[in-house]
Each structure stands twice: as structure tokens, then as C-alpha cells.
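Spelled out, the chains give:
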Amino acid sequence: MIGFYDYTVITSYLGVISAVIGMIEACNGNFLIAIICLAFSGMCDTLDGKIARTKKDRTEQQRNFGIQLDSLCDVVCFGVFPVIIAYNMGMKKILGLAILCVYLVCAVIRLAYFNVMEEERVTKNPTAKKVYFGVPITTISVTLSLAYAVGLLIPSNAFLVVLHVLLVVQAFGFIINIKIPKPNMWLIFAIVLVVIILLVVILILAMNGVIEVHDIGETTAFIQNAIG
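Everything in this summary refers to the structure shown in the same document. Starting from 1, residues in each chain are numbered consecutively following that chain's sequence as written. Given that this is a predicted model, residues contribute local features only at a pLDDT of at least 70 and side-chain atom pairs are listed and counted only at 80 or more, while totals for whole chains, interfaces and linings are drawn from all residues. Side-chain figures throughout are based on the complete set of non-hydrogen atoms in the structure, without hydrogens or water.

**So, the environment of Ser141**
Secondary structure elements are taken from DSSP: a helix is a run of H or I of four residues or more, a strand is a run of E of two residues or more, and numbering for both begins at the N terminus. Checked against the element boundaries, Ser141 lands in helix H5 (residues 140–151). Separated by 98 residues in sequence, Ser141 and Met43 place their C-alpha atoms 8.6 Å apart. When near neighbours in sequence (up to four residues on either side) are disregarded, Ser141 contacts Leu38, Ala39, Gly42 and Phe78. Counting of polar contacts relies on pairs of N or O atoms within 3.5 Å, with two restrictions inside protein: one atom must be capable of donating a hydrogen and the other of accepting it, and residues adjacent in sequence are counted only when both atoms are side-chain atoms. For Ser141, the side chain forms a polar contact with the main-chain oxygen of Thr138, separated by 2.7 Å. Residue contacts follow a heavy-atom distance rule, with two residues in contact if any of their heavy atoms lie within 4.5 Å.

**Considerations on a positive patch on the surface**
To count toward a patch, a residue needs a relative accessible area above 30% and no salt bridge. Like charges then connect within 9 Å, nonpolar side chains (Val, Leu, Ile, Met, Phe, Trp, Tyr) within 5 Å. In this description, accessible areas are obtained by the Shrake-Rupley approach with a 1.4 Å probe, and a residue is regarded as covered only by the protein chains that are shown. We define a salt bridge as a contact between a side-chain nitrogen of Lys or Arg and a carboxyl oxygen of Asp or Glu at a distance within 4 Å. By the counting scheme adopted, Arg and Lys are positive, Glu and Asp are negative, and His together with the chain ends is not counted. Lysine's charge is taken at NZ, arginine's at CZ, aspartate's at CG and glutamate's at CD. Residues Lys50, Arg53, Lys56 and Lys182 make up a contiguous surface patch of positive charge. Mapped onto the fold, Lys56 is located in the loop between helix H2 (31–52) and helix H3 (60–89).

**Quick look at the nonpolar core**
The set of buried Ala, Val, Leu, Ile, Met, Phe, Trp, Tyr and Cys residues whose side-chain atoms join them within 4.5 Å is what this entry labels a nonpolar core. Only protein chains enter the accessibility calculation, which uses a 1.4 Å probe; a residue whose area is less than 20% of its type maximum is buried, one above 50% is exposed, and one in between is partly exposed. Among the nonpolar cores identified, the biggest contains 51 residues, and Ile85 and Leu163 are the most heavily contacted of them. Every element with two or more residues in this core is listed here: helix H1 (10–27), H2, H3, helix H4 (94–124), H5, helix H6 (156–175) and helix H7 (185–207). Examining the composition of this core, we find that ten residues originate from one element, H2, more than from any other. Beyond its immediate sequence surroundings of up to four residues, Leu163 is in contact with Ala86, Met89, Met91 and Leu144.

**A short note on H1**
Over its 18 residues, H1 extends 26 Å from the first C-alpha to the last, a length consistent with the 26 Å expected when each residue adds 1.5 Å. Of all the residues in H1, the buried ones are Thr11, Ser12, Gly15, Val16, Ser18, Ala19, Gly22, Met23, Glu25 and Ala26. Residue Gly29 follows H1 closely and has a positive phi angle near 85°. Here the expected length of a helix is defined as 1.5 Å per residue gap, with one fewer gap than residues.

**Re the packing of aromatic side chains**
Stacked, edge-to-face and tilted are the three classes for Phe, Tyr and Trp ring pairs, Trp counted by its six-membered ring, which pair at centre distances within 6.5 Å; planes under 30 degrees apart are stacked, over 60 edge-to-face, the rest tilted. The full count for this structure, using the stated rule, is two aromatic pairs. Here Tyr113 and Phe114 contribute two aromatic rings whose centre-to-centre distance is 5.6 Å and whose plane-to-plane angle is 80°, an arrangement assigned as edge-to-face. Given a relative accessible area of 47%, Tyr113 falls into the partly exposed group. Its guanidinium or amino end placed over the ring of Tyr87, Lys92 lies 5.3 Å from that ring's centre, counting from NZ or CZ. In this analysis the charged atom, NZ for Lys or CZ for Arg, is taken to sit over a ring once it is within 6 Å of the ring centre and within 35 degrees of the ring normal.

So this is what it looks like as C-alpha cells:
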């Protein structure tokens, strides 16, 4: 069998499996479950590099395989997956479709650029490890999850506007050339974990009838016409 099989790539596979499940749930209108899957994929992404570095005897081929695997999984988890969610939530008009296309193109540009340039940049300047250039693509797992949580509390038409704006901001954040200090990995993990717990609590409360989770994918005809 081709490929490399060890514990260092397990979290990458779990993240992409979660994304596939989430895309299916989004297509079926189960947005809360889809968002939980997105947040879980984000948590897996925060851990995969740390786990990979615990294996000290990795060959150069294994290391490069891990880098490419991570990037390919990111395309699925934080590029295609959010587009599927947003489309099914209501971004189906011309403006929404244009934004989704721009978002995915910017995500792919970022990942391709860093595949080529990041290792060279860090080799020439070791201090570069301490900063990001532009917004990491993984951040969509947190921002979209939080936006969804807010969307449960506001009218559906207002949420759709928020969704359009969020995807535009994220798209250009991926490719903007500004330095952003890298936060502690465990801080990122904690943030994503809190988001997941929040969403799971909402799901449990909704399943038990304590709160009503309305379908934020539905919008009025007026706002649909206004947006696209």
C-alpha cells in the first residue's frame, strides 16, 4: 500500500472524516451538527502538528507527506466544507455564490503559497516561526461556529447578512500580507474546545426541548432579493 501509516497522521484523517460527515449533515439541513463537525475538524488541525513532532525518527519523506496531507485536508475541512455549509444556509443567490467562489479561491491560494514558500521563509528567518502572514485558514472553524451560535439568537435574515460579510472578511484575511503573532497552540485548542462544548450544550438543550433552534438557513423573500 502506498502512503505512510502511523499515529502522526491520525488526527488529519479524523478531521477530514468529520468534514465529510458535516457536509452530509449540512446538505440535509442539520446545520448544528455540521458546525460541530467543523469545530471538531479545527481542533484536530490544532493538534496534528504537535502530535507529528513527537515522533523523532520521522524520515524526510514522512515529514513531507505529513505536510502535504495536512494541506490537502485543510482544503477539504476549511475550504470546501464551509462553502457547503454557507450555501445550504442560504448563500444561493448571485452575490452569495460569488462570495463562496472568492472564499475558496483565496483559501486555495493561501495553502498553495505556503506549501511553496513557508519552509523557505522559516529556513532563512527562524524568527518567522513566531508569526503568521495573513489569517490562518483554520480560523474559519471558530468564526463560523461563533457566527452560527449568534445566528440562533437573531432573525434569520440578519444572520444571512452576517454570513455574507464573514465569508468576505475571511477570504481576504487569508491572503492579506500582514504579520499576526502566533498564539499558543494550547490556547487555540482551548478556544475551539469551548466552542464545541457550547454547540454540544445547545444541541442537547434543543433535543430536550429546553430551547428552540430555528432554521437559520431560511430567509424571507425580501432579504433574498436584496442580497442577490
